[in-house]
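# Secondary and tertiary structure notes
The residues making up each chain are set out below.
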Amino acid sequence: MNLPQPDFSSKLFSRLRAATIEDWKPFIGHAFVRGLGDGTLPKSAFLHYLRQDYVYLHHYARAWALGVVKATTLQESRLCADIMHGLASVELPLHIGICAREGISEEELFITREEPENLAYTRYVLDCGQAGDFLDLLAALVPCAHGYGEIGLNLAASAAPDTPYREWIDTYAGDDFQQMCHDVGKLFDQAAKDRIGEDFENSPRWPRLCQIFATASRLEASFWQMGLKAA
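Residues numbered from 1 in each chain as written. Predicted model: local features only at pLDDT ≥ 70, side-chain atom pairs only at ≥ 80, totals over all residues. Heavy atoms only, no water.

On to the overall build of the protein chain, then. The helix and strand tally for the protein chain stands at eleven helices and zero strands. From first element to last, N terminus to C terminus, the protein chain shows the α and β order α-α-α-α-α-α-α-α-α-α-α. In terms of overall dimensions, the protein chain has a C-alpha envelope of 50 × 40 × 30 Å along the principal axes. Within the protein chain, contacts between residues separated by at least 24 positions form 80% of all contacts whose residues are at least 6 apart in sequence. (Helix = DSSP H or I, 4+ residues; strand = E, 2+ residues; numbered from the N terminus. Contact = heavy atoms within 4.5 Å.)

Time to look at the packing of aromatic side chains. All told, the structure shown has 22 aromatic pairs when counted by the stated rule. Between Phe13 and Trp24, the ring centres sit 5.7 Å apart and the planes meet at 70 degrees, which makes this aromatic pair edge-to-face. Of the two residues, Phe13 sits in helix H1 (residues 11–19) while Trp24 sits in helix H2 (residues 21–28), which places them eleven residues apart along the sequence. Neither residue differs from the other here; Phe13 and Trp24 are each classed as buried. On the basis of an interplanar angle of 55 degrees and a centroid distance of 4.5 Å, the ring pair of Phe46 and Tyr165 is categorised as tilted. Taken together, the positions of Phe46 in helix H4 (residues 43–70) and Tyr165 in the loop between helix H8 (134–158) and helix H9 (166–173) put the pair 119 residues apart, joining distant regions of the chain. The residues Phe46 and Tyr165 share a single accessibility class, namely buried. (Phe/Tyr/Trp six-rings, centres within 6.5 Å; stacked < 30°, edge-to-face > 60°. Buried < 20%, exposed > 50% of the residue type's maximum accessible area, 1.4 Å probe, protein only.)

Turning next to unusual backbone geometry. In this model, Ser9 sits at a positive phi of 60 degrees, which is unusual for a non-glycine residue. For Ser9, a relative accessible area of 26% translates into the label partly exposed.

Moving on, we come to the UniProt feature "domain: Thiaminase-2/PQQC" (unreviewed entry) in the protein chain. In the numbering used here, UniProt assigns the feature "domain: Thiaminase-2/PQQC" (unreviewed entry) to residues 24–229. Spanning residues 24–229, this segment combines 82% helix with 0% strand, and its end C-alpha atoms are found 21 Å apart. (UniProt positions renumbered as here; feature names shortened; annotations may be inferred.)

Another point: the packing of H1 against helix H11 (residues 206–228). Relative orientation and spacing of two packed helices are given, respectively, by the angle between their axes and the distance between those axes. One can describe the packing of H1 onto H11 by two numbers: an axis separation of 10 Å at closest approach and a directional angle of 75 degrees. With respect to their mutual orientation, H1 and H11 come out roughly perpendicular. Side by side, H1 and H11 meet where Leu12, Phe13, Arg15, Leu16, Arg17 and Ala19 of the first sit next to Trp206, Leu209, Cys210 and Phe213 of the second. Residue composition of the contact of H1 with H11, grouped by class: eight nonpolar, no polar and two charged. (Axes fitted to C-alpha atoms, helices over the stretch in contact; angles between N-to-C directions. Parallel < 35°, antiparallel > 145°, perpendicular 65-115°, else oblique. Nonpolar A, V, L, I, M, F, W, Y, C, P; charged D, E, K, R; others polar.)

Bringing the nonpolar core into the picture now. Among the nonpolar cores identified, the biggest contains 80 residues, and Phe46 and Trp168 are the most heavily contacted of them. Among the elements that make up this core, the one with the highest residue count is H4 (14 residues). Each residue touching Phe46, except ones within four places of it in the same chain, is listed here: Phe32, Leu36, Leu41, Ile98, Tyr165 and Trp168. (Core = buried A, V, L, I, M, F, W, Y, C linked by side-chain atoms within 4.5 Å.)

Moving on to helix H3 (residues 31–38). Taken as a whole, H3 has its buried residues at Phe32, Val33, Gly35, Leu36 and Gly37. Directly beyond the C-terminal end of H3, a positive phi value near 85 degrees is found at Gly39.

With that settled, the discussion passes to the pattern of salt bridges. Under the definition given, this model contains 13 salt bridges. Here Arg15 ties to Glu201 by a salt bridge, and the two come within 3.7 Å at their closest N and O atoms. You can see Arg15 sitting in helix H1 and its partner Glu201 sitting in the loop between helix H10 (175–196) and H11, a full 186 residues away along the chain. One salt-bridge network, in which partners are shared between bridges, spans Glu115, Glu117 and Lys229. (Salt bridge = Lys/Arg side-chain N within 4 Å of Asp/Glu carboxyl O.)

Quick look at the state of the cysteines now. Linking two cysteines covalently through their sulfur atoms gives a disulfide. Within this structure, the stated rule accounts for zero disulfides. In this model Cys80 remains outside any disulfide bridge; the closest cysteine sulfur is found in Cys144, 14 Å from its own. Just so you know, Cys128 is unpaired, no disulfide at all, and the nearest cysteine sulfur is the one on Cys210, 13 Å from it. (Disulfide = S-S within 2.5 Å.)

Attention shifts here to the environment of Gly35. As for its position among the elements, Gly35 is in helix H3. By relative accessible area, which is 4% here, Gly35 ends up buried. Spatially, the C-alpha atom of Gly35 lies 36 Å from that of Phe200, the residues being 165 residues apart in sequence.

Here it is in structure tokens:
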């Protein structure tokens, strides 16, 4: 699979992506993602994914809130707070709006029972932040943010014109989400420089950062697979 390298203003992301590419590929190129692009993904699978992702995003926001606690600079705290605002104003409304058109209320979304794959992923990210420092937390958070940014760009360039999932694609390929990816990328690099220096790969922490990044990527792929269970 040929995966063009996205530019998200982060050398650390690019190097972690390259170092763990065999874990990254199944996430970015999953059958669920391909179904979004060519329009063959069953609606039942998409709605199941949206319901689970609505719950996931609440925990993802909790993880960014933990970032405020773990931050050591005002810039770090501000961006974590901005990301939480973006989740509330961009991503959650997307899920709420699509589901509402299918007769699923936000109250129903909120009480959705978490699938095991959802539990595993969200608690892993939170555990990375609770047990580690700000950089460990970002290494667990970035695969979701940048992975969706990369998928959005890929699908915007290749998706079938009549795919019913254009709204979803346009959200993640859109300027607001892409700018967020660049902002997070800059923060990721600066957080690493402040804690381990600029020679990322030769830091004693490099293997651990790769492990966290790769694990989060595999859990993302499992999340897509979870969606297909409802197909």
